[in-house]
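Read off the chains here:
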There are 2 protein chains.
Amino acid sequence: MSIRIGILGYGNLGRGVECAVRQNDDMELAAVFTRRDPGSVKILTEDVPVCRIEDVQEWKDRIDVMILCGGSATDLPEQTPAFAKLFHVVDSFDTHAKIPEHYAKVDAAAKEGRKVGIISVGWDPGMFSLNRLYANAILPEGRDYTFWGKGVSQGHSDAIRRVEGVKDAKQYTIPVDAALEAVRNGENPELTTRQKHTRECFVVLEEGADAAKVEEEIKTMPNYFSDYDTTVHFISEEELKEKHSGIPHGGFVLRSGKTGWDKENSHLIEYSLKLDSNPEFTASVLAAYARAAYRLAEEGVSGCRTVFDIAPAYLSAKSGEELRKTML
Amino acid sequence: MSIRIGILGYGNLGRGVECAVRQNDDMELAAVFTRRDPGSVKILTEDVPVCRIEDVQEWKDRIDVMILCGGSATDLPEQTPAFAKLFHVVDSFDTHAKIPEHYAKVDAAAKEGRKVGIISVGWDPGMFSLNRLYANAILPEGRDYTFWGKGVSQGHSDAIRRVEGVKDAKQYTIPVDAALEAVRNGENPELTTRQKHTRECFVVLEEGADAAKVEEEIKTMPNYFSDYDTTVHFISEEELKEKHSGIPHGGFVLRSGKTGWDKENSHLIEYSLKLDSNPEFTASVLAAYARAAYRLAEEGVSGCRTVFDIAPAYLSAKSGEELRKTML
């Protein structure tokens, strides 16, 4: 029997989950829920209903796992605890500082509803977190490094769009090769913000806007750009659409550490992602953890979990026996 | 209270575990067991006894987890099932094809003794296996690649030493950069054995030996070298000792896969290790899984487990709360 998946929120991430479900033979899409008028939302899968979020209660027995595809700023802090009372849920809550608080709320709600809630699933938090944990457990004496990119930062792109005279913009976060190489060489460098990443901006100006003024305003913007070496390119609207409409991302998690009686041996553990589509990759991780939620629930588990709490085998459609035979 | 660790077998791996235990504050070394005369075995830790393997039964209540540091060819197939009746055990059994059989034996023994047995812990099998599983679960449509090296292959070094006229030798397995790059570029190449790795040999000749003949014999050796591009360097005994006495290793696990409704987006997941000391890194992984064995046992678990079956949080000395706060 297939795992019946519900999608709540149909933006880039929701559409990514829809695609991921199609790639997993043991899953099927049951319904998509939206705050918009369902009639206005066209999904890719045939014969699957788009429903009003208010009607979700009616689906209580027809959905095994609800994948929450809202944003971390305002949607998920409300939605995940609310829906964890009704469904097994998986979310990609990514406000690192607020994870403990979110965990506590989801845990209480999921226990009340006797459901499983898996939070902060994706790649950071998510796969990057897992790699930090494994590497720290293996090499207790060492240093961690995380680099992001090359990839599009939505937040930084939005910040540029708010500058007067800017019509549209896209910002790429780029790891500095020299810093990455220093880490790989075991130099254990102390790296400032500026030394780790650069920021590259592609900006479409409003007609008659002052390019020099816009560039200055971007480069000196506190928090977003002032601590970085920032490059600004002015391009046409057509070029932005043609060359910069993708949502690529990725990054690197490294840990360098020492072993030996006199700490005479160095080791480097490196994990990296190069993603054409940030939301589709995140969605693919969500789908794998939806499978885990379903299986944990079958074992009678309830409450909140993170990627740290879930044995890897739960993510795979293969049996333990097959995994040991083919992948160990 | 510390986790009391026993080491069975005191070669490179056993010594590595001794060093790893010292780096983990929640562990202490209780005793080392050897088949040799204990009086002839000098360990690094002060005030820890070296005991005869025959006396292991006396330690039943004084050791929490026994880490088995024997070889996969003849030691572990016997030892792990035997000792899993008496202790929680962790081994690094690495004969991939025989893992299912080993698992079954250890599972039966551990259940009989109500112990936890974790097998095939290290980096391949081990961390590489984990990365294969995670990457396959996330990207169901894609291809896997594993490259080993640059590193010393003990088996290949031994094979060279058996050639007539060879006094000593060291063999390095080296991944082919062009192949790695093709995978990273998403070309999904079909790679032959020869295209994936080269083999580099450093050989000390016996006096009067025929270098050309030795080189020919190495390069044409079936299974070991005939399918590879092999380079042979003849060097002095001093140079071999000076430049080639380390046991470095490492490698790469990659999965490239597609997502999207029309599979229009490509993704690359890459995990790599660069290790100064193969046995010390393996030992460090064993120590982390010894912690997991101890904790699983505290929860009443018994039977055989692999890295696939163990939630990552069990490997860390930190609490779930602390992990969520600092690493997620």
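The structure under discussion appears in the preceding block.
If you're wondering where the values come from, they're calculated on a predicted model, not measured in any experiment. (Residues numbered from 1 in each chain as written. Chains lettered and ligands numbered in written order. Predicted model: local features only at pLDDT ≥ 70, side-chain atom pairs only at ≥ 80, totals over all residues. Heavy atoms only, no water.)

Novice: Quick one: what's the story with the interface of chain B and chain A, residue by residue and with numbers?
Specialist: Each side of the interface is counted separately: chain B has 68 residues, and chain A has 68 residues. Carbon and sulfur atoms make up 62% of the surface buried where chain B meets chain A, a total of about 6200 Å² over both sides. The largest contributions to the chain B side of the interface with chain A come from Gln23(B), Trp261(B) and Leu328(B), which together make up 15% of the buried area. At the boundary of chain B with chain A, the tally comes to 0 salt bridges. The tally of links from chain B across to chain A stands at 31 residue pairs in polar contact (both at pLDDT 80 or more). Elements represented by at least two residues in the side of chain B that touches chain A include exactly α1 (12–23), α3 (99–113), α4 (127–138), β12 (249–259), β13 (265–275), α10 (278–298) and α11 (320–326) of chain B. Of the residues assigned to the side of chain B that touches chain A, the class counts are 34 nonpolar, 18 polar and 16 charged. (Contact = heavy atoms within 4.5 Å. Buried area = accessible area lost by both parts, 1.4 Å probe. Salt bridge = Lys/Arg side-chain N within 4 Å of Asp/Glu carboxyl O. Polar contact = N/O pair within 3.5 Å; in protein donor to acceptor, adjacent residues only side chain to side chain. Helix = DSSP H or I, 4+ residues; strand = E, 2+ residues; numbered from the N terminus. Nonpolar A, V, L, I, M, F, W, Y, C, P; charged D, E, K, R; others polar.)

Novice: Can you lay out the relation of the copies chain B and chain A for me, pointing to particular residues and giving the numbers?
Specialist: Each copy superposes on the other: chain B lies on chain A with an RMSD of 0.0 Å after a rotation of 180° and an axial shift of 0.0 Å. Such values leave the two copies arranged in the relation of a two-fold axis. Using C-alpha coordinates, one finds that chain B approaches the rotation axis most closely at Ala311(B), a distance of 1.9 Å. A share of 100% of the interface residues of chain B reappears at the interface of chain A, consistent with the copies meeting face to face through the same patch. (Least-squares fit on C-alpha atoms with pLDDT ≥ 70 in both.)

Novice: Tell me about empty space enclosed by the protein, and name the residues and values.
Specialist: Under the defined criterion, the tally for this structure stands at 2 cavities of 30 Å³ or more. Of the pockets and cavities examined, the largest cavity occupies roughly 80 Å³. Contributing to the lining of the largest cavity are Met127(A), Leu130(A), Asn131(A), Tyr134(A), Ala135(A), Ile269(A), Met127(B), Leu130(B), Asn131(B), Tyr134(B) and Tyr271(B). Residue assignment for the lining of the largest cavity shows that the elements contributing at least two residues are α4 (127–138) of chain A together with α4 of chain B. With 5 residues, the top contributor of residues to the lining of the largest cavity is α4(A). Grouping the constituent residues of the lining of the largest cavity by class yields 9 nonpolar, 2 polar and no charged. Its boundaries defined by the atoms lining it, the second largest cavity holds a volume of some 30 Å³. At the level of secondary structure, the elements contributing two or more residues to the lining of the second largest cavity comprise α4, β12 (249–259) and β13 (265–275) of chain A. For the lining of the second largest cavity, the leading source of residues is β12(A), giving 3 residues. For the lining of the second largest cavity, a count of residues per class yields 5 nonpolar, 1 polar and 1 charged. (1 Å grid on protein atoms, 1.4 Å probe; cavity = no way out; pocket = protein on both sides within 12 Å on 5 of 7 lines; lining within 4 Å. Points joined across faces, edges and corners; volume = space filled by probe spheres on them.)

Novice: Tell me about the nonpolar core, and name the residues and values.
Specialist: If you look at the biggest cluster of nonpolar residues, it comprises 169 residues, and the most contacted ones within it are Tyr289(A) and Tyr289(B). Excluding anything up to four places from it in sequence, Tyr289(A) contacts Val90(A), Ile118(A), Val121(A), Leu130(A), Val307(A), Ile310(A), Leu315(A) and Tyr134(B). (Core = buried A, V, L, I, M, F, W, Y, C linked by side-chain atoms within 4.5 Å. Buried < 20%, exposed > 50% of the residue type's maximum accessible area, 1.4 Å probe, protein only.)

Novice: Account for the sheet that holds strand β11 (residues 229–234) of chain A, with residues named and values stated.
Specialist: Each strand in a sheet pairs with its neighbour through backbone hydrogen bonds, running either in the same direction (parallel) or in the opposite one (antiparallel). Residue and element names in this part refer to chain A. The strand order across the open sheet built from 4 strands is β8-β9-β10-β11, with neighbouring strands paired in mixed fashion. The strands lining the two open edges of the sheet, one partner per strand, are β8 (151–152) and β11. Examined bridge by bridge, strand β10 (residues 197–205) and β11 share 6 bridges and lie parallel to one another. Considered in β11, the bridge of Phe-202 is made with His-233. Together, β8, β9 (166–175) and β10 form the strand contacts of helix α5 (residues 154–161), whose direction differs from that of β9 by roughly 145°. (Pairing = 2+ DSSP bridges. Axes fitted to C-alpha atoms, helices over the stretch in contact; angles between N-to-C directions.)

Novice: Tell me about the environment of Tyr103(B), and please be specific about residues and values.
Specialist: Counting through the fold element by element, Tyr103(B) comes out in helix α3. There is a polar contact of 3.5 Å between the side chain of Tyr103(B) and the side chain of Arg324(A).

Novice: Can you tell me about the packing of aromatic side chains, naming the residues and giving the values?
Specialist: Counted according to the given criterion, the structure contains 9 aromatic pairs over all chains. Note on Phe33(B) and Trp59(B): the rings are 5.9 Å apart at their centroids and 85° apart in plane angle, and the pair reads as edge-to-face. Residue Phe33(B) is found in strand β2 (residues 27–34), and its partner Trp59(B) is found in the loop between β3 (50–52) and β4 (65–68); the two are separated by 26 residues along the sequence. With a relative accessible area of 0%, Phe33(B) lands in the buried category. Consider the rings of Tyr172(B) and Phe202(B), whose centres lie 5.7 Å apart with planes at 85°: the pair is edge-to-face. Pair noted here: Tyr172(B) is in strand β9 (residues 166–175) and Phe202(B) is in strand β10 (residues 197–205), with a separation of 30 residues, a long-range link. Considered together, Tyr172(B) and Phe202(B) belong to a single accessibility category, that of buried residues. Within the aromatic cluster, the residues linked to one another by ring pairs are Trp123(A), Phe128(A) and Tyr271(A). If you follow Arg324(A) out to its NZ or CZ, it ends over the ring of Tyr103(B), 3.5 Å from the centre. When the ring centre of Phe147(B) is taken as origin, the NZ or CZ atom of Lys196(B), which lies over that ring, is 5.2 Å away. (Phe/Tyr/Trp six-rings, centres within 6.5 Å; stacked < 30°, edge-to-face > 60°. Lys NZ or Arg CZ within 6 Å of the ring centre and 35° of its normal.)

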